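# Chain and residue survey
Spelled out, the chains give:
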Amino acid sequence: DDLPRRVSLFEGDGDWKRVRMAHVAVVGCHAVNGVARMHTHLLKTTLFRDFDMIFPGKIQNKTNGVTPRRWLAVANPLLTELLIKWVGPEHGIE
């Protein structure tokens, strides 16, 4: 099986090896936050598939709850008012 090579913290042969910092982070951390559900799914099924198998439940998704709409409303109320005027409040801008 090729699993040990795929999850190795080092990459390369001979005298020069590189540290795979993402692998170090996955192994060294209590949890890995993919933030959005879609990103977490991608991490679990592609980039860190082997680590998800070795450490089930370690790759999680937790968002801080700040949406672009909410951020815009707080950061730039005048632009928010303009967008509501032209697009309408029914599109969830406020």
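Structure shown above.
Described in the following lines is the structure provided in the data block. (Residues numbered from 1 in each chain as written. Predicted model: local features only at pLDDT ≥ 70, side-chain atom pairs only at ≥ 80, totals over all residues. Heavy atoms only, no water.)

### Quick word on the overall build of the chain
Each helix and strand in the chain was counted, giving six helices and four strands. Starting at the N terminus and ending at the C terminus, the chain contains elements arranged as α-β-β-α-β-α-α-β-α-α. Since a compact globule built from 94 residues should have a radius of gyration of about 12 Å, the 21 Å found for the chain marks it as more spread out than a globular shape. Residues classed as buried in the chain amount to 21% of the 94 residues present. (Helix = DSSP H or I, 4+ residues; strand = E, 2+ residues; numbered from the N terminus. Rg over C-alpha atoms; globule rule 2.2 N^0.38 Å. Buried < 20%, exposed > 50% of the residue type's maximum accessible area, 1.4 Å probe, protein only.)

### Some details on the nonpolar core
Core analysis: the biggest nonpolar cluster contains eight residues, these being L3, V7, V26, V32, L43, F48, F51 and I59. In contact with F51, not counting residues within four places along its chain, are V7, H23, V26 and V27. (Core = buried A, V, L, I, M, F, W, Y, C linked by side-chain atoms within 4.5 Å. Contact = heavy atoms within 4.5 Å.)

### Quick look at the environment of G65
Its location among the elements puts G65 in the loop between β4 (59-60) and α5 (68-75). Spatially, the C-alpha atoms of G65 and M53 are 28 Å apart, while their sequence positions differ by twelve residues.

### Observations regarding the environment of M21
As for its position among the elements, M21 is in helix α2 (residues 21-28). According to the relative accessible area criterion, M21 is exposed, its value standing at 56%. Here the alpha-carbon distance between M21 and F10, two residues eleven residues apart in the chain, equals 8.7 Å.

### Focus: the packing of aromatic side chains
Taken as a whole and judged by the stated rule, the model has one aromatic pair. Here the aromatic rings of F48 and F51 are separated by 6.0 Å at their centres, their planes lie at 75°, and the arrangement is edge-to-face. The two residues F48 and F51 agree in class, both being buried. Its end group placed over the ring of F55, K58 keeps NZ or CZ at 4.3 Å from the ring centre. (Phe/Tyr/Trp six-rings, centres within 6.5 Å; stacked < 30°, edge-to-face > 60°. Lys NZ or Arg CZ within 6 Å of the ring centre and 35° of its normal.)

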